[in-house]
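# Residue-level structural notes
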Amino acid sequence: MLTVENIEVRYGGSEALRGAGLEVNRGELVAVVGPNGAGKTTLFKAISGTVPAAGRVTFEGADLLAMKPRDRAHLGIAHVPEGRKVFASMSVLENLEMGGSTEAGRADRRRAFERIFAMFPILAERRAQLAGTLSGGQQQMLAIGRALASCPRLLMLDEPSMGLSPVMADTIFDAVREIRREGGMTILLVEQRVTDALADCDRGYVLEGGRVMLHGTPAELSPEKLRRAYLGV
Ligand code: ATP
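Residues numbered from 1 in each chain as written. Predicted model: local features only at pLDDT ≥ 70, side-chain atom pairs only at ≥ 80, totals over all residues. Heavy atoms only, no water.

An unreviewed UniProt entry annotates the chain as ABC transporter ATP-binding protein originating from Roseomonas haemaphysalidis. Quoted verbatim from the Sequence similarities (unreviewed entry) heading of the UniProt record, the comment on the chain is "Belongs to the ABC transporter superfamily." (UniProt positions renumbered as here; feature names shortened; annotations may be inferred.)

Below, the structure is given as structure tokens:
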């Protein structure tokens, strides 16, 4: 479904991605882990189009790097960014409506909103509240809800547990599992909670220094191999 080959991103003089690549098949949950600064967020930005990148990225045969971010969203790619980035001065409902402005989202708006409110009832209760006044966990729910409102085929979640209490992080992981159980969606996940991410995924990639150091099924990514990849020993 998604193929990333030999991707390179530079910020001024420094190279954040140096030839990283990955493959995501339809229906999979693929986790990307790695130390701080490995390039995980940059990889997601390159896929959704918020940083310019060299290399090749195809989504169901379409050449993504040639497309604007908006057109990538219309193709069915939704990016829940690190730090959530909800529209703070808009209401919960307005945030969801922004997400739902893709063609697929407009076509299936009622069903999408019902699904979001069933998954996160607090968003229904607080639909008129300004997003900036929600707690961190509620903002994360809203960021995921906003992505779901676009009725994506590929959902990219960048560190959804970041800054949340362990209990709230568990709630978010439960939601990811539920999205997966419902089917119909492919998920690409960046996560600091490596054990959780790898326990749930079909395959994982370990990024380090802008390159893929290791990839495989959870069984193949043994703690010993991970330790070596992380510590570079
Ligand atoms: P973290 O887990 O800390 O979020 P990450 O694996 O997501 O890290 P990136 O945020 O993609 O890593 O950063 C990769 C490299 O690019 C780092 O060295 C970082 O300092 C650098 N970088 C990221 N964003 C910028 C930017 N806007 N300008 C300059 N350098 C940047």
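From this point, the discussion proceeds with the structure in view.
Where empty space is left can be seen by rolling a probe of water-molecule size over the atoms. For the largest pocket, the calculated volume is near 670 Å³. If you go around the largest pocket, you meet 25 residues; those closest to its centre are Ala73, Ala78, His79, Pro81 and Arg146. (1 Å grid on protein atoms, 1.4 Å probe; cavity = no way out; pocket = protein on both sides within 12 Å on 5 of 7 lines; lining within 4 Å. Points joined across faces, edges and corners; volume = space filled by probe spheres on them.)

Taking 1.5 Å of rise per residue, 14 residues should cover 20 Å, and helix H7 (residues 136-149) covers 20 Å from first to last C-alpha, within 8% of that figure. Here H7 lies mainly inside the structure; 13 of its 14 residues are buried. Downstream of H7 by a residue or two, Cys151 has a phi angle that is positive, lying close to 50°. (Helix = DSSP H or I, 4+ residues; strand = E, 2+ residues; numbered from the N terminus. Expected span 1.5 Å × (residues − 1). Buried < 20%, exposed > 50% of the residue type's maximum accessible area, 1.4 Å probe, protein only.)

This part is about unusual backbone geometry. Residue Asn6 is not a glycine yet carries a positive backbone phi of 50°. In this structure, Asn6 sits in strand S1 (residues 2-11). The class of Asn6 is exposed, set by a relative accessible area of 51%. Despite not being glycine, Glu60 has its phi angle at roughly 45°, a positive value.

Spatial ordering of the open sheet is given by S6-S7-S8-S3-S9-S10, a layout of six strands whose pairing is mixed. The open sheet terminates on both sides in strands that have one partner only, identified here as strand S6 (77-80) and strand S10 (211-216). Mean inter-strand twist for the sheet, computed between neighbouring axes without regard to direction, equals 15°. Across five bridges, the pairing between strand S9 (residues 203-208) and S10 is antiparallel. Bridge pairing in S10 links Val206 to Leu214. Sheet strands touched by helix H1 (residues 40-48): strand S3 (29-33), S6, strand S7 (154-158), strand S8 (186-190) and S9. Its angle to S7, the strand with the most contacts, is close to 150°. Along the sheet face, H7 touches S6 and S7 and points at about 170° away from the line of S6. (Pairing = 2+ DSSP bridges. Axes fitted to C-alpha atoms, helices over the stretch in contact; angles between N-to-C directions. Contact = heavy atoms within 4.5 Å.)

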